Amino acid sequence: MKPITYYAAAVGAFTIWGFFSLVLRPLAHYAAVDILFYRVFFSAAVMLAVSALLRRNVWKANRRLFSDMHGRERRGVLFQLFGGGIFLTGNWFSYIYVVNNVSVRVSAFAYLVCPVLTTVLAWLLLKERLTRGQWLAVLLSVAGCGILALDHFRDLLYSTVVAFSYALY
């Protein structure tokens, strides 16, 4: 692949994500759970169809690899798979709820908080080492989030829940 393809994919992903709340807002009269279930089942059906039609050899190789695993290793893979699914579903639900019931501004703020929270959780849980420059960036981001959240503690709370569920995923 050419480097321009990578840049186009990155810009395209952020563009799609940036406009995603515009799609959710007209659905505000539906319950967040209804939107979530539709999204989960539609995504599962599309992924299954693409995998079955376009990636059959990869699917067979992965099934063979999974069946060759021992019990403890297999349970670990299943735990990670379902744990990630639960966190991702929690993130989707909280994001949809915030967009529909709180505000688009709060949901956007959540994804500004997310990289900071992910970095701190990587340091805490994964024992990642951060340089002084990275710590300075984290502190500046925390200060910026604090300034943005002045007099809007409820918004900060919702944003933190959405960001935390994403960071754990």
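Preceding this paragraph is the structure being described.
Residues numbered from 1 in each chain as written. Predicted model: local features only at pLDDT ≥ 70, side-chain atom pairs only at ≥ 80, totals over all residues. Heavy atoms only, no water.

Caption draft 1: Seen up close, the side chain of Asp155. When you line up the elements, Asp155 lands in helix H7 (residues 153-168). Classification of Asp155 as buried rests on a relative accessible area of 10%. Residues contacting Asp155, with those up to four places away along its chain left out, are Val102, Arg105 and Val106. (Helix = DSSP H or I, 4+ residues; strand = E, 2+ residues; numbered from the N terminus. Buried < 20%, exposed > 50% of the residue type's maximum accessible area, 1.4 Å probe, protein only. Contact = heavy atoms within 4.5 Å.)

Caption draft 2: Geometry of the environment of Arg154. Examined against the element boundaries, Arg154 turns out to sit in helix H7. Each C-alpha atom, one on Arg154 and one on Val106, is 9.5 Å from the other, the two residues being 48 residues apart in sequence.

Caption draft 3: Representation of the packing of aromatic side chains. Within this structure, the stated rule accounts for 5 aromatic pairs. Each ring, one from Trp123 and one from Trp135, has its centre 5.0 Å from the other, and the planes form 85°; the classification is edge-to-face. Here the residue Trp123 occupies a position in helix H5 (residues 104-125), and Trp135 occupies one in helix H6 (residues 132-148), the gap between them amounting to 12 residues. On the accessibility criterion, Trp123 (38% relative accessible area) is partly exposed. Exposure remark for Trp135: the relative accessible area of 27% places this residue in the partly exposed category. (Phe/Tyr/Trp six-rings, centres within 6.5 Å; stacked < 30°, edge-to-face > 60°.)

So, to be careful, I would describe these as geometric facts and stop short of saying anything about function.
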